[in-house]
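# A structural walkthrough
Residues per chain, in single letters:
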Amino acid sequence: MLPAVRHSRTVLPPARRRNFASRPIVNPAAMCKELRTRVLRLGPPARNGPCAGDTLHGWREILDCTVTALQEGRVVAVPTDTVYGLACLAQNPKAIERVYSIKGRNGQKPLAICVGEVEEIYKFCKVTVPDPLLRELLPGPVTLVMERSAELNPDLNPFTPLVGVRIPGHAFMRKLAQQCGGPLALTSANVSSRASTIAVEEFRDLWPSLGLVVDGGPVGEVMSPECRLGSTVIDLSSPGRYGVIRPGCALTATVEILEKKYRLSLETAGQ
């Protein structure tokens, strides 16, 4: 709260009156608003599953504000089906730099991309697995790593020919990715080396660096000991094989699909 201003009858010299008058008048309310990061709260349901018409209507303003912030090159915090994430436009090099700066992230650690539909994966990745496999795992708590295509921003993970792609099983995130018209870069909403977050208050120290915070309430299976593990990261860059980059929260179910249904073999060292 700004301190009260006490008015005085002191008369300023002419020169000081001119300097004082030339200064812009600052609206205290506007100043306070600029100093605060906007936190927009999603109404229920903000959890997994398809986005019903009534729910989408209720989210319209939040979606529009989030898309605007992203298009302005800002980094926003968003709920996913696993943990809270930081997102920016994957095709914007300056926004990518901001993500690394905000997290204090090692520049050699890659960022995943997030898209809204399975069809978009083919634009940014070279897919070597059957389409039904993609649709069985996505949307869901899985990141699939494949060879990247030339369509993807060369400044995103320039040190590797691979990229991880996500379609979170979260209605808001899917609609946001669809509305942006391009891939989002996505990583966990925490300072690097700290625990992942499942509620917006847990990364409050990052708020001043963010363009917007979308509060979807607690995310993931909050009562599960695996609730902070993040998505299961699977390497599908070698035809007929898969590798486990990070076990994450859905490893058992994912491996069962890969091995029993699609007959992929686990890639081991030396293969």
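Each remark here, short or long, concerns the structure printed above.
Note that residues are indexed from 1 along each chain, following the sequence as it is written. With pLDDT at 70 or above as the cut-off, local features in this predicted model cover only qualifying residues; side-chain atom pairs require 80 or more to be listed or tallied, and sums for whole chains, interfaces and linings still use all residues. Water and hydrogen atoms play no part in the side-chain values, which are based on all heavy atoms of the structure.

Turning our eyes to something else, we now look at the packing of aromatic side chains. Side-chain rings of Phe, Tyr and Trp, where Trp is taken by its six-membered ring, are said to pair if the distance between their centres is within 6.5 Å; with planes under 30 degrees apart they count as stacked, over 60 as edge-to-face, and otherwise as tilted. As enumerated under the stated definition, the model contains 2 aromatic pairs in all. Ring centres 5.8 Å apart and planes at 75° place the aromatic pair Trp59 and Phe172 in the edge-to-face group. Placement of Trp59 in helix H3 (residues 53-71) and of Phe172 in helix H7 (residues 171-180) is noted, with a sequence separation of 113 residues between them. The same class applies to Trp59 and to Phe172, which are both buried. Between the aromatic rings of Tyr84 and Phe203, the centroid separation amounts to 5.7 Å while the plane-to-plane angle is 45°, which identifies the pairing as tilted. Of this pair, Tyr84 sits in the loop between strand E2 (76-78) and strand E3 (85-89) while Phe203 sits in the loop between strand E8 (184-188) and strand E9 (212-215), and the two are 119 residues apart along the sequence. In this structure, Tyr84 and Phe203 share a single accessibility class: buried. Strands here are runs of E lasting at least two residues and helices are runs of H or I lasting at least four, both read from the DSSP assignment and numbered beginning at the N terminus. Burial classes: relative accessible area under 20% of the type maximum marks a residue as buried, over 50% as exposed, and values in between as partly exposed (1.4 Å probe, protein chains only).

For strand E6 (residues 142-148), the tally of buried residues reaches 6 of 7 residues, placing the bulk of the element in the interior. DSSP-based pairing: two strands are paired if at least 2 bridges between them are found. Both E6 and strand E10 (residues 232-235) contribute to a ladder of 4 bridges, which runs parallel. Its bridge partner lying in E10, Val142 is registered against Thr232. Where E6 and strand E7 (residues 162-166) come together, 4 bridges link them in antiparallel fashion. Paired with Met146 across the strands is Val163, a residue of E7.

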